[in-house]
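# Breakdown of the fold
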Amino acid sequence: MTQLRLVILSLFLFGIVNTSSAQEKTQRTAQDQFYVSAAILGLSWYSTGPDTKWFNHALSIGVMHDKPLGKGPISIAGGLGISVYNYHSNLRVANGKLVGNHIPLIESDSTWYGYHPLLQDSEFIKNKMTWTYLDIPLELRFRTKPNNKNNYFKFNVGLKISFLLQAHSKLVTEDFTEKFINFNHLIKYDISPSIGIGYGRWSIQTSLGLAPIYTIAGSSFEWDSSDEPMKYTVGITYHISK
């Protein structure tokens with residue numbers, strides 16, 4: 001968590017410095033500084049995958065610097081951000097660094113998905129996995145001419161490179177609470193193409209992760225590589241401009 005606090009503090013300081021310097025420039029206005037995003041999170045489970053909940057979500061914050069390409073409507077942008085993905089399902093983490101005492105498997109944990117057992121709904125109150133990533137977003141942007149309120153339509157395509165900072169899970173039952181940190185077989189990076197459209201400070205964004213969240217290859221149980229989950233998001237982003 002100390003690393004996460006340092007990264008967030010760095011983003012805040014970078015945004016302050018960047019905003020101050022941007023105010024002294026005479027380039028095109030409405031350059032994005034900070035962004036905040038909330039999205040619905042999905043994983044590409046197939047028929048053999050776990051049961052999931054509808055309220056899975058992702059939250060992102062970051063800072064980007066927009067550089068116009070000449071005097072036209074096209075610009076490029078790059079930056080740094082943090083994303084947190086929260087995923088609720090019946091997939092129980094069964095390995096990794098256990099926080100607290102060892103908890104034996106529940107009797108019905110005989111049903112497995114790769115390295116991970118599947119739970120019955122009646123066996124748990126809450127079961128969540130959380131991943132935190134450091135993001136490096138890159139975008140190609142197109143904007144219409146601003147109106148008298150400095151609002152404009154915008155369209156962007158991009159690519160986000162992400163590095164896993166931390167992952168943890170929490171299982172709550174009537175009898176015990178079980179926590180794992182940095183459980184095994186996690187993929188440490190992701191590459192996500194994205195596309196967005198918006199007006200003014202708001203935009204709708206969608207992205208698809210190309211790397212699986214974790215690999216079940218090498219498991220002693222039957223598995224299909226096509227079942228390795230990749231994440232996708234659809235959400236809204238608010239841009240705080242200069």
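To be clear, the structure that these remarks concern was listed above.
A brief report on the enclosed structure follows. Quick caveat, the model's predicted, so the values are computed rather than measured.

Assigned secondary structure in the protein consists of 1 helix and 12 strands. For the protein, the succession of helices and strands along the chain, N to C, is α-β-β-β-β-β-β-β-β-β-β-β-β. A buried classification covers 45% of the 242 residues belonging to the protein. Considering only contacts within the protein whose residues lie at least 6 apart along the sequence, 71% involve residues at least 24 apart. For the protein, the computed accessible surface area is about 13,100 Å², with 63% contributed by carbon and sulfur atoms.

Right, let's talk about the packing of aromatic side chains for a bit. Scanning the entire structure with this criterion turns up 4 aromatic pairs. Aromatic side chains Tyr85 and Tyr133 sit 5.6 Å apart centroid to centroid with 85 degrees between the ring planes, which places their arrangement in the edge-to-face category. With Tyr85 in strand β3 (residues 74-88) and Tyr133 in strand β7 (residues 126-143), this residue pair connects regions lying 48 residues apart in the sequence. Considered together, Tyr85 and Tyr133 belong to a single accessibility category, that of buried residues. With 6.3 Å between their ring centres and 40 degrees between their planes, Tyr87 and Trp131 make a pair best called tilted. Taken together, the residues span a long stretch of sequence, with Tyr87 in strand β3 and Trp131 in strand β7 at a distance of 44 residues. According to the relative accessible area criterion, Tyr87 is buried, its value standing at 2%.

Position of Ser203 relative to the elements: it lies in strand β11 (residues 202-208). A polar atom in the side chain of Ser203 sits 3.0 Å from the side chain of Gln205.

The next subject is the nonpolar core. Soluble, globular proteins show a tendency: their nonpolar side chains are buried together. Ranked by internal contacts, the top residues of the largest apolar core, which has 17 residues, are Tyr85, Tyr87, Met129, Trp131, Phe183 and Leu186. Mapped by element, the contributors of at least two residues to this core are β1 (32-43), β3, β7 and β8 (153-172). Take this core: its biggest share by element is 3 residues, from β7.

A few words now on the side chain of Asn90. Mapped onto the elements of the fold, Asn90 is located in the loop between β3 and β4 (97-99). Residues within four places of Asn90 in sequence aside, it is in contact with Pro50, Asp51, Pro117, Leu118, Leu119, Phe124 and Asn127.

As a further point, take empty space enclosed by the protein. Scanning the model with the defined rule gives 2 cavities of 30 Å³ or more in all. Roughly 460 Å³ of volume is contained in the largest cavity. Every residue lining the largest cavity is counted, 32 residues in all, and those nearest its centre are Tyr35, Ser37, Glu139, Gln205 and Thr237. Within the residue set of the lining of the largest cavity, elements represented by two or more residues are β1, β2 (57-68), β3, β7, β8, β11 and β12 (231-241). In the lining of the largest cavity, the residues fall into 11 nonpolar, 14 polar and 7 charged. Of the pockets and cavities examined, the second largest cavity occupies roughly 40 Å³. When contributions to the lining of the second largest cavity are tallied by element, the ones reaching two or more residues are β8 and β9 (177-181). No other element matches β8, which puts 3 residues into the lining of the second largest cavity. Partitioned by chemical class, the residues of the lining of the second largest cavity number 3 nonpolar, 2 polar and 3 charged.

Reading the values: rules and limits
Residues numbered from 1 in each chain as written. Predicted model: local features only at pLDDT ≥ 70, side-chain atom pairs only at ≥ 80, totals over all residues. Heavy atoms only, no water. Helix = DSSP H or I, 4+ residues; strand = E, 2+ residues; numbered from the N terminus. Buried < 20%, exposed > 50% of the residue type's maximum accessible area, 1.4 Å probe, protein only. Contact = heavy atoms within 4.5 Å. Areas by Shrake-Rupley, 256 points an atom, 1.4 Å probe, with all protein chains shown as cover. Phe/Tyr/Trp six-rings, centres within 6.5 Å; stacked < 30°, edge-to-face > 60°. Polar contact = N/O pair within 3.5 Å; in protein donor to acceptor, adjacent residues only side chain to side chain. Core = buried A, V, L, I, M, F, W, Y, C linked by side-chain atoms within 4.5 Å. 1 Å grid on protein atoms, 1.4 Å probe; cavity = no way out; pocket = protein on both sides within 12 Å on 5 of 7 lines; lining within 4 Å. Points joined across faces, edges and corners; volume = space filled by probe spheres on them. Nonpolar A, V, L, I, M, F, W, Y, C, P; charged D, E, K, R; others polar.

These results come straight from atomic positions and should not be treated as a statement about function.
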